[in-house]
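Residues per chain, in single letters:
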Amino acid sequence: TGDLGVLDADGYLTVTGRAKDVVVRHGEKIPARELERLVAEHPAVREVAVVAVPDARTGERACACIVAEPGARVPDVEELATFLLARGLATRRLPEQVEGVDALPRTPGGKIDKRALRDRLERIDKESP
């Protein structure tokens, strides 16, 4: 499946990430890096990370976590879709969710910690009514 995980002493599997950085929506693999490259071209975007978030209907949904440029606002889903479609991205590859963040979490090595982002988004989903 491309998922990475660990088995605990009781035999329970915990999914910890992916071997490849993709969103699997309705069985289609959408490369996160492709979305990140295009979203990063938006003038209001300082930094972006696209993460796969579990979705009961589609399997996963693409969430663009965006740090806005100083003084700019984070584009909403519709604005971002218009921008990405104008750059040739197929409709089926558009992110379904956009979240503004103050900063992207980093690993000790300085890479974006997508696992921490996914965990944060899953907590937000659980807290939402």
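Note that the structure is a prediction, hence the values are computed from the model and not measured.

A.B. asks: I tried to follow the side chain of R61 on my own but got confused; where do I start?
C.D. replies: Along the chain, R61 falls in strand β6 (residues 59–68). A distance of 3.3 Å separates polar atoms of two side chains, one belonging to R61 and the other to D55. A polar contact of 2.6 Å, which involves the side chain of R61, links it to the side chain of Q97. Ignoring anything within four residues of it in the chain, the contact list for R61 reads V23, V51, A52, V53, P54, D55, E96, Q97 and D125.

A.B. asks: Help me out: how do you make sense of the sheet that holds β6 in this one?
C.D. replies: Remark on secondary structure: sheet strands pair via backbone hydrogen bonds, oriented parallel or antiparallel. The three strands lie next to each other as β5-β6-β7, forming an open sheet whose pairing is mixed. The open sheet is flanked by β5 (45–55) and β7 (97–100), the only strands paired with a single partner. Strand after strand, the sheet turns through a mean of 25 degrees between neighbouring axes, direction not considered. The pairing of β6 with β7 spans four bridges and is classified as parallel.

A.B. asks: Please clarify how the nonpolar core should be interpreted in this entry.
C.D. replies: In summary, soluble globular proteins display a tendency toward joint burial of nonpolar side chains. V39, V48, V50, I66, L80 and L84 are the most contacted members of the largest nonpolar core, which totals 20 residues. Elements represented by at least two residues in this core include exactly α1 (32–39), β5, β6 and α2 (77–86). Those residues in contact with I66, other than ones at most four positions away along the chain, are V39, V45, E47, V48, V74, P75, L80, V98, E99, G100 and V101. Residues V51, C63, L117 and L121 belong to the second largest nonpolar core, which totals 10 residues.

A.B. asks: Help me understand the pattern of salt bridges in this model?
C.D. replies: One side chain can pair with another of opposite charge once the charged atoms of both are near each other. Using the criterion set out here, one finds 11 salt bridges in the structure. A salt bridge links K114 to E36; its shortest N-O distance comes to 2.5 Å. In this pair, K114 is assigned in helix α3 (residues 114–127) and E36 in helix α1, connecting sequence segments 78 residues apart. The exposure class of K114 is buried, given its relative accessible area of 13%. Close ionic contact of E79 with R73 constitutes a salt bridge, the shortest N to O distance being 2.8 Å.

A.B. asks: What am I meant to see in the confidence of the model for the protein chain here?
C.D. replies: Detailed reading of the predicted coordinates is not advisable wherever pLDDT is low. Confidence in the prediction of the protein chain, expressed as mean pLDDT, is 89, and 90% of residues score 70 or more. Looking across the protein chain, the model is least confident in strand β2 (residues 13–18), with a mean pLDDT of 63, and most confident in α2, with 98.

A.B. asks: Is there a simple way to think about unusual backbone geometry in this case?
C.D. replies: In terms of backbone geometry, most residues other than glycine have negative phi values and most peptide bonds are trans. The phi torsion at H26 lies on the positive side, around 50 degrees, for a residue other than glycine. Along the chain, the position of H26 falls in the loop between β3 (22–25) and β4 (28–31).

A.B. asks: What is the right way to read the environment of D8 from this model?
C.D. replies: Relative to the helices and strands, D8 is located in the loop between β1 (3–7) and β2. Among the polar contacts made by the side chain of D8, one reaches the main-chain amide nitrogen of D10 at a distance of 2.9 Å. Among the polar contacts made by the side chain of D8, one reaches the main-chain amide nitrogen of Y12 at a distance of 2.8 Å.

What counts, and at which threshold
Residues numbered from 1 in each chain as written. Predicted model: local features only at pLDDT ≥ 70, side-chain atom pairs only at ≥ 80, totals over all residues. Heavy atoms only, no water. Helix = DSSP H or I, 4+ residues; strand = E, 2+ residues; numbered from the N terminus. Polar contact = N/O pair within 3.5 Å; in protein donor to acceptor, adjacent residues only side chain to side chain. Contact = heavy atoms within 4.5 Å. Pairing = 2+ DSSP bridges. Axes fitted to C-alpha atoms, helices over the stretch in contact; angles between N-to-C directions. Core = buried A, V, L, I, M, F, W, Y, C linked by side-chain atoms within 4.5 Å. Buried < 20%, exposed > 50% of the residue type's maximum accessible area, 1.4 Å probe, protein only. Salt bridge = Lys/Arg side-chain N within 4 Å of Asp/Glu carboxyl O. pLDDT = per-residue confidence, 0-100.

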